[in-house]
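# Commentary on secondary and tertiary structure
Chain residues, written in single-letter form:
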Amino acid sequence: MQYDPTDAQEKAFAESEADFRQLGDHMGRIRESARTRLTVSGWGGPDPGDTVPCLSCPCPDFQAGGPLGQCRRGGCHHPISDHDLPT
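The structure contained in this document is the topic of the report that follows.

Cut-offs and rules
- Residues numbered from 1 in each chain as written.
- Predicted model: local features only at pLDDT ≥ 70, side-chain atom pairs only at ≥ 80, totals over all residues.
- Heavy atoms only, no water.
- Helix = DSSP H or I, 4+ residues; strand = E, 2+ residues; numbered from the N terminus.
- Buried < 20%, exposed > 50% of the residue type's maximum accessible area, 1.4 Å probe, protein only.
- Contact = heavy atoms within 4.5 Å.
- Areas by Shrake-Rupley, 256 points an atom, 1.4 Å probe, with all protein chains shown as cover.
- Disulfide = S-S within 2.5 Å.

### Observations regarding the overall build of the protein
Per the secondary structure count, the protein includes 1 helix and 0 strands. Relative to its 87 residues, the protein shows a buried fraction of 16%. Once local pairs closer than 6 in sequence are excluded, the contacts in the protein between residues at least 24 apart make up 30%. Summed over its atoms, the accessible surface of the protein is roughly 6700 Å², and 57% of this surface lies on carbon and sulfur atoms.

In structure tokens form, the structure reads like this:
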């Protein structure tokens, strides 16, 4: 099936793509600020292991598979976006 979007639809998709790119950039800055803030406060720092720490609580690492992509650890109920995922 071939789909030929109209000019208005192409413009709408382009604007939406730009918005999502801005959101991704903003989330990246938030993660970097959280990482820096926690490192400066003495929490963690660069970890050579394969862990994915939560940036919102002391949950030791992210374990995929919970509801809506949440950490399976009992004490952490933060969404995947709160975790320091590899880029």
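Further notes follow.
### Overview of the environment of Ser81
Along the chain, Ser81 turns up in the segment after helix H1 (7-40). The sequence separation of Ser81 and Cys54 amounts to 27 residues, and the corresponding C-alpha distance is 9.0 Å.

### Describing the state of the cysteines
Scanning all chains against the criterion turns up 0 disulfides. In this structure Cys54 is a free cysteine whose sulfur lies 3.8 Å from that of Cys57, the closest cysteine sulfur available. Classification of Cys57 by relative accessible area gives buried; the value is 17%.

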